[in-house]
Amino acid sequence: MEHILEVADVSKTFPLRGMFGQSKGGVSAVNGVSFTLKSQGTLGIVGESGCGKSTLARLIMRLIEPDQGQVRYKNEDLLKLGGSDLKKMRKRIQMVFQNPYSSLNPKLTILDNVAFPLWANGTGRAAASTQAYRYLDAVGLPKSYAAKYPHHLSGGQRQRVAIARALVLEPDIVIADEAVSALDKSVQAQVLNLFQDLKKEFDLSLIFISHDLHVVEYMSDDVMVMYLGGVVEKGPKEEVFANPRHPYTQALLKSVPSVDLAVRKAPETVLLKGDLPSPLNPPSGCRFRTRCMFTEARCAQNVPALVEVGEGHHAACLLVHEGMAAVQNL
Ligand SMILES: Nc1ncnc2c1ncn2[C@@H]1O[C@H](COP(=O)(O)OP(=O)(O)OP(=O)(O)O)[C@@H](O)[C@H]1O
Ligand SMILES: [Mg+2]
């Protein structure tokens, strides 16, 4: 499977300014992230609240500018594009957000909400409506919904409209950022299945961002685990879930039976020490070391690289790299 998207060493620090405009350091939101998205594959990105998942998505979309790094879409460096080239690229990559109520226009009908991106790209009203009907049908909304308004719809139906609107420009890549997090469990399952069906029907490649490990496990071919702006582990889903190597991934998978990282439950086994450090002042060396059960003095000095620990499976931990038994047998 070839790669449709290659992200290399992307970083973003948001500068903080005091009342009088003086620099007060910065929030290191994304720090040296690299990954590839396989053509027609699904990459799941998981990690605690504030670890940089949405910032990463916004960097890929060029909604914010990275400080460094490369984002290559089909071998084209997206970060170098401007003007009409950037506009063209933006059609190829679309996003679906957590809250469809705030992303849909309450004053437009459902049909016009879906047609809107086509109007914005110069398609005439009649042709846009024809296309919009097609995508409403694809997401399982009957024609009778076309003339309704967003407030007439349930949360799940509104998310279907948001998905139709994301697809109407015929993108290659869809980034779903917590797209099912606000929905009830039963509706969640329907929308997840819809994503799977649409992926096949329209040959999409998906980036599926969620704080819920079960959702990521269900959806993904590959998984990437983030911690405080960086990638700690990534690889094929089966590998990462069956054979997690980084102490953070192991803690996530072992600590709670239902792993929803937005709900802070007391872990059954304490595998994580202390609280999440501030991204304003991240720990030196390995960013995870202040919460790691196995930390050693050298973890403060060296930033661990992502090293291959199995086929296509990478982990960023000095101790794992050296095959330390305690980490392996956790
Ligand atoms: N525009 C901004 N200015 C300053 N800091 C920001 C900005 N956007 C995000 N941050 C900070 O960057 C860090 C990463 O935030 P981000 O929203 O990417 O995390 P996330 O993983 O998507 O979290 P969640 O699971 O809650 O959605 C956080 O510390 C956040 O406060
Ligand atoms: Mg987010």
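Fair warning: this is a prediction, and the values are worked out from it, not measured in the lab. (Residues numbered from 1 in each chain as written. Chains lettered and ligands numbered in written order. Predicted model: local features only at pLDDT ≥ 70, side-chain atom pairs only at ≥ 80, totals over all residues. Heavy atoms only, no water.)

1. Details of the pattern of salt bridges
Inference 1: In total, this model carries 12 salt bridges according to the counting rule given.
Inference 2: A salt bridge links Asp-67 to Lys-12; the shortest N-O distance between them is 4.0 Å. Placement of the pair is Asp-67 in the loop between helix H1 (53-60) and strand S4 (68-73) and Lys-12 in strand S1 (residues 3-17), with a sequence separation of 55 residues.
Inference 3: With relative accessibility at 47%, the residue Asp-67 sits in the partly exposed group.
Inference 4: A salt bridge links Lys-185 to Asp-212, with the nearest nitrogen and oxygen atoms 3.4 Å apart. Placement of Lys-185 in helix H7 (residues 185-201) and of Asp-212 in the loop between strand S8 (205-210) and helix H8 (213-219) is noted, with a sequence separation of 27 residues between them.
Inference 5: Residue Asp-212 is classed as buried on the basis of its relative accessible area of 7%.
Inference 6: Each of Lys-74, Arg-92 and Asp-172 takes part in a single network of salt bridges with overlapping partners. (Salt bridge = Lys/Arg side-chain N within 4 Å of Asp/Glu carboxyl O. Helix = DSSP H or I, 4+ residues; strand = E, 2+ residues; numbered from the N terminus. Buried < 20%, exposed > 50% of the residue type's maximum accessible area, 1.4 Å probe, protein only.)

2. Digging into the nonpolar core
Inference 1: Val-114, Leu-136, Ile-163, Leu-167, Phe-195, Leu-198 and Phe-208 are the most contacted members of the largest nonpolar core, which has 42 residues in total.
Inference 2: Listing elements by their share of this core, those giving two or more residues are helix H4 (110-120), helix H5 (125-138), helix H6 (155-167), strand S7 (173-177), H7, S8 and H8.
Inference 3: Counting 33 residues, the second-largest nonpolar core is a separate cluster that includes Cys-51, Val-71, Met-89 and Ile-93. (Core = buried A, V, L, I, M, F, W, Y, C linked by side-chain atoms within 4.5 Å.)

3. Regarding the site of ligand 1
Inference 1: Close to ligand 1 lie 13 residues; Ser-49, Gly-50, Lys-53, Ser-54 and Thr-55 are nearest.
Inference 2: At 3.2 Å, a backbone N or O of Cys-51 approaches an oxygen atom of ligand 1.
Inference 3: In this structure, Ser-54 approaches ligand 1 through a side-chain N or O atom, which is 2.8 Å from an oxygen atom.
Inference 4: Taken by itself ligand 1 offers 640 Å² of open surface, and the protein chains cover 64% of this.
Inference 5: The element that contributes the greatest number of residues to the shell around ligand 1 is H1, accounting for three residues.
Inference 6: Counted by class, the shell around ligand 1 contains five nonpolar, five polar and three charged residues. (Near = heavy atom within 4 Å. Polar contact = N/O pair within 3.5 Å; in protein donor to acceptor, adjacent residues only side chain to side chain. Areas by Shrake-Rupley, 256 points an atom, 1.4 Å probe, with all protein chains shown as cover. Nonpolar A, V, L, I, M, F, W, Y, C, P; charged D, E, K, R; others polar.)

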